[in-house]
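Structural overview for review
Single-letter residue listing:
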Amino acid sequence: MVGSSGNNGHWWQTAVFYQIYPLSFADSNGDGYGDLEGVISKLDYLSSTLGVDAIWLSPFFKSPMADWGYDIADHTDVDPLFGDLATAERLIEEVHRRGMRLILDYVMNHTSDQHPWFDESRTSRTSAKRDWYVWRDPKSDGSPPNNWVSVFGGPAWALDSETGQYYRHTFLPEQPDLNWRNPEVVDAMLDVARFWLDRGVDGFRVDAAHQIMKDPEGRDNPPTPHDYVRPWKDMGEFDRFVHLYDLGHSDVHSAHRRFREVLDLYPQDPMSVGEIHVFDLSEWASYYGEKLDQLSMPFNFHLMASGWGAAELRVTIEAVLWHIPVGGWTNWTFGNHDEIRLATRVGEPAARLAALLMLTLRGTPFIYYGDELGMVDTEEPVEDIKDPWGINQPFLNRDGCRSPMQWSAAPDAGFGSNEPWLPLAPDHERRNVEVELADPSSMLNLYRKILEIRRGSPALRFGSYLSHPESRGDVLAYRRESDTDTKTVVLNLSDDSQRVRISPGRVLVSTSDPTRTEFFAEGVDLSPYEGVLIGHD
Ligand code: GLC
């Protein structure tokens, strides 16, 4: 058995999260960009229609939008594109009024180059805030201080001609890296967290959480060997080097401890989930902290990185569960605003299995907006790309997974503007909330049904995970158990029908047939690519 019964009572352990990318969710003023008022108008959909418990809202802070809000120019104000501070406060209130929770993005690694801190830092080498960012002298030939490359491509250093030094930027030149080794920066950034916690937010998704500290000596990264096996997707130019010195420096843990101390002082029991792209599981798990005193959870991207076969998924799931420290808790996700959408990656039948899997594993699920409809990535001509990563390296373009949410068959898909900032998906007339609600076999109704059963099932919410002996070949099967409740999940990941021997039970959900509810005594039959959730009374 992996993962024992029960949890330690934090709200976020039994919650289902939903990520909103606010630019693309709902546009209340018709300017083409989604906004906070738009989010407020859709809260009933989230709490009542879909039935999720918590929202992660991507950045809405003041920003020149070089990276669409991940370049923050004022952490404690709202960008006019999204509304104002009063609307953000009302949003927090409205979320809570519906019994849901709200977490915000906490962008630790960098600010915008338009942030007043950076304005001051770049004025002179002796500025009081010079050391708030990472400045280094050029090499004797004028070139950057080392060979580090930015995630988005090109060198990770930009020359400031006025002061003759380079500043470091892990992402865009418009996103200078903060210096987390400077105690004033730590204090200022912890104040940012306090600002939002004081306003009642329930925690943070921590952006680029493992990247905030790097080798203080700034040693060159070695080039990638020819036989290098990528642990994750093709990262383009970034993959030219092994990131020995610019990723996951061990000092980063002290910053996460400091951050956690702040969170732990608040009565709402705030949580943090950190964006940790680390695929060595022991290292990944180190972000919980030895005393569980760092991130509440590192984001678990391992299912996204896993191959899509029963055996690979099972190995991945069990490896993750084995690596969580005692008392720790994990999460599962298949998508976010940086990744090709689930239904595009694996196709619709498999996306249905993925939904059943993610919502029934032991851990906190994170649904990316629109995945509950089976939304797919959009395509656009290269000259229309808005994503800076896509502009630099088109095959890594993230616009496709950020298209406007599909609410209805109306020409604007119910998004709120006929000319949204990114093109609507061509399938929006048939794939949208309105149409799918009326269709019992839709992806949306599948999500709703699983979520409803999950809410009433202690086994699914916090029970143990036990691999089932019938988990072999193309079948993935596991049991979830609490003192009072047992559920079995069986997924057929093949084109062939399967008969699986399971102790007597009733089919509660089938990913392919919404009418299936039969009781069976000896075994359950699965059609190709069908998954079932079984209850045992
Ligand atoms: C994270 C975000 C991504 C952003 C980057 C820089 O990876 O998820 O969207 O571009 O950080 O902030």
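Read on for a plain summary of the structure. (Residues numbered from 1 in each chain as written. Predicted model: local features only at pLDDT ≥ 70, side-chain atom pairs only at ≥ 80, totals over all residues. Heavy atoms only, no water.)

1. A few points about the site of the ligand
Residues in contact with the ligand amount to 13 residues; listed here are only the nearest, Asp-67, Asp-207, Glu-275, His-337 and Asp-338. His-110 has a polar side-chain atom sitting 3.0 Å from an oxygen atom of the ligand. Between the ligand and the protein, one listed contact pairs an oxygen atom with a side-chain N or O atom of Arg-205 at 2.9 Å. Compared with its free state, where it exposes 310 Å², the ligand has 96% of that area covered by protein. Using a 2 Å cut-off from the grid points, one finds that the ligand occupies the largest pocket. Grouping the constituent residues of the shell around the ligand by class yields three nonpolar, three polar and seven charged. (Near = heavy atom within 4 Å. Polar contact = N/O pair within 3.5 Å; in protein donor to acceptor, adjacent residues only side chain to side chain. Areas by Shrake-Rupley, 256 points an atom, 1.4 Å probe, with all protein chains shown as cover. 1 Å grid on protein atoms, 1.4 Å probe; cavity = no way out; pocket = protein on both sides within 12 Å on 5 of 7 lines; lining within 4 Å. Sits in = over half its atoms within 2 Å of the grid points. Nonpolar A, V, L, I, M, F, W, Y, C, P; charged D, E, K, R; others polar.)

2. Thoughts on the packing of aromatic side chains
Within the structure shown, the criterion is met by 34 aromatic pairs. Relative to Phe-259, the ring of Phe-204 has its centre 5.9 Å away and its plane inclined at 50°; by these criteria the two rings are tilted. Here Phe-259 lies in helix α7 (residues 252-263) and Phe-204 lies in strand β9 (residues 203-207), a separation of 55 residues in the sequence. With relative accessibility at 1%, the residue Phe-204 sits in the buried group. (Phe/Tyr/Trp six-rings, centres within 6.5 Å; stacked < 30°, edge-to-face > 60°. Helix = DSSP H or I, 4+ residues; strand = E, 2+ residues; numbered from the N terminus. Buried < 20%, exposed > 50% of the residue type's maximum accessible area, 1.4 Å probe, protein only.)

3. Here we look at the packing of helix α3 (residues 43-50) against helix α15 (residues 443-455)
For the pair α3 and α15, the least separation of the axes is 10 Å and the interaxial angle reads 65°. Overall, the two elements α3 and α15 adopt an arrangement that is roughly perpendicular. Residues Tyr-45, Thr-49 and Leu-50 of α3 form the contact with α15, whose own contacting residues are Leu-444, Tyr-447, Arg-448, Leu-451 and Arg-455. Partitioning the contact of α3 with α15 into residue classes produces five nonpolar, one polar and two charged. (Axes fitted to C-alpha atoms, helices over the stretch in contact; angles between N-to-C directions. Parallel < 35°, antiparallel > 145°, perpendicular 65-115°, else oblique. Contact = heavy atoms within 4.5 Å.)

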